[in-house]
Amino acid sequence: MKNHRIFFRNLGLLFLGFSLLFVVSLGIGYFGEKSRFVECPFCKERFQSEPKGTWIWIYPGLVGCGKKCPLALESLRQFQERFPEIQSSFYFLVTDPNETEEAIQSYLSYYQKSLKIRALHPKTEEIGFYRKLGAYLPIHPTLKKRDEHGTQFFLIPPNRDVFYLIPKLGEREWMEIKKEIESKSIH
């Protein structure tokens, strides 16, 4: 009888553990797809020349990328087209510090026909911050050749206090961002 009680108690604890693990994994899945934010220690100074009320979009990419970057830049263009009333500035974070200005401008010139996007070169003290956020800055040339870099978008609100980290930018995310922007515009 005593062994049965121990067995059922252990079975109950095991069930509770699995239930808790399931709930936690659901929560991570739900919130993992939502945007999150981190404080930005340098944004006020770095983007002080941007007009007041401007939302700043940053996409970290590789010059010459033919896979992820074109899709991401097209998403930014579509956002701009869909919501022209939202004052936005767009930046392509150059993730390879060895890129030449000529190569950067040549790569961006195609996209600049439909999206006013500028190159953003991280300052030395910013590189660690961007890496921590998932912006891949290639260290090894083989990784660069394979177009391996992050695909996260960064959005900086007009107060320049935080970075919103946005894993993808599609219809659902557009609407969430628009709501967030409208809620910040009221204040």
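What counts, and where the lines are drawn
As a convention, each chain's residues are numbered from 1 in the sequence order in which they are written. Owing to the predicted nature of the model, reporting of local features is limited to residues with pLDDT of at least 70; listing and counting of side-chain atom pairs is limited to 80 or more, with chain, interface and lining totals taken over all residues. For the side-chain quantities, the full set of heavy atoms in the structure was used; hydrogens and water were omitted. Confidence scores labelled pLDDT are given residue by residue by the predictor and lie between 0 and 100. The secondary structure listing takes helices from DSSP runs of H or I that are at least 4 residues long and strands from runs of E that are at least 2 residues long, numbered from the N terminus. Burial here depends on accessible area, computed with a 1.4 Å probe over protein chains only, as a share of the maximum for the residue type. Under 20% is buried, over 50% is exposed, and the range in between is partly exposed. Each pair of strands is called paired provided DSSP finds at least two bridges between the two strands. When the strands point away from the viewer and the connection leading from the first strand across the helix to the second strand turns clockwise, the crossover is called right-handed. Pairs of cysteine sulfur atoms within 2.5 Å are identified as disulfides in what follows. We call a set of buried Ala, Val, Leu, Ile, Met, Phe, Trp, Tyr and Cys residues a nonpolar core when their side-chain atoms join them within 4.5 Å. Contacts are assigned to residue pairs that have any heavy atoms within 4.5 Å of one another. Lines fitted to the C-alpha atoms define the axes, with helices restricted to the stretch that makes contact. Angles between their N-to-C directions range from 0 to 180 degrees. Any carboxyl oxygen of Asp or Glu within 4 Å of a side-chain nitrogen of Lys or Arg constitutes a salt bridge here.

A. Quick look at the confidence of the model for the protein. Counting all residues, the mean pLDDT for the protein is 77, and 71% of those residues have values of 70 or more. Across the protein, element-level confidence peaks in strand β4 (residues 117-120) with a mean pLDDT of 96 and bottoms out in helix α1 (residues 2-33) with 43.

B. Structural view of the pairing of strand β3 (residues 88-94). In terms of burial, β3 is largely enclosed, as six of its seven residues are buried. Where strand β2 (residues 55-61) lies against β3, seven bridges are found, and the strand directions are parallel. Along β3, the bridge assignment pairs Tyr59 with Phe92. Where the polypeptide runs from β2 across helix α3 (residues 68-82) and back to β3, its parallel neighbour, the crossover connection is right-handed.

C. Up close: the state of the cysteines. On inspection of all chains with the given rule, the structure shows one disulfide. Left without a disulfide partner, Cys65 is nearest to the cysteine sulfur of Cys69, which lies 3.5 Å away. Classification of Cys65 by relative accessible area gives buried; the value is 3%. Of the residues examined, Cys69 reaches a relative accessible area of 0% and is grouped as buried.

D. View of the environment of Ile166. Looking at the secondary structure, you find Ile166 in strand β6 (residues 162-166). The sequence separation of Ile166 and Phe37 amounts to 129 residues, and the corresponding C-alpha distance is 8.6 Å.

E. Looking closely at helix α5 (residues 124-132). Regarding α5, the residues found buried are Glu126, Ile127, Phe129 and Tyr130. Note on α5: the residue one or two positions beyond its end, Gly134, has a positive phi of about 105 degrees.

F. Seen up close, the pairing of β2. When you tally the buried positions in β2, you get seven out of seven residues, the bulk of the element. With three bridges connecting them, β2 and strand β5 (residues 153-156) associate as antiparallel partners. In the strand pairing of β5, Ile56 is matched with Ile156.

G. Geometry of the nonpolar core. Counting 31 residues, the largest nonpolar core has Trp57, Leu76, Phe92, Tyr107, Ile117 and Ile177 as its most contacted members. Elements that contribute at least two residues to this core include exactly β2, α3, β3, α4 (101-111), β5, β6 and α7 (171-186). In terms of residue count, the dominant contributor to this core is α3 (five residues). Beyond its immediate chain neighbours, meaning those up to four positions away, Leu76 contacts Trp57, Tyr59, Phe90, Leu115, Phe153 and Leu169.

H. Examining the sheet that holds β4 more closely. The sheet built from six strands is open, its strands ordered β1-β6-β5-β2-β3-β4 with mixed pairing. Of all strands in the sheet, those bounded by a partner on one side alone are β1 (36-39) and β4. Neighbour to neighbour, the strand axes of the sheet diverge by 30 degrees on average, direction disregarded.

I. Inspection of the pattern of salt bridges at higher detail. If you walk through the whole model with that rule in mind, you get five salt bridges. When the shortest N-O distance is used, the salt bridge between Lys44 and Asp161 registers 2.9 Å. Remark: Asp161 occurs in the loop between β5 and β6 and Lys44 occurs in helix α2 (residues 43-46); sequence separation between them is 117 residues. Between Glu81 and Arg77 there is a salt bridge, with its nearest N and O atoms 2.8 Å apart. In this pair, Glu81 and Arg77 are both assigned in helix α3, four residues apart and thus about one turn of the helix distant. Under the relative-accessibility criterion, Glu81 is labelled exposed at 57%. Judged by its relative accessible area of 19%, Arg77 falls in the buried class. One network of salt bridges, in which partners are shared, links Glu74, Arg77 and Glu81.

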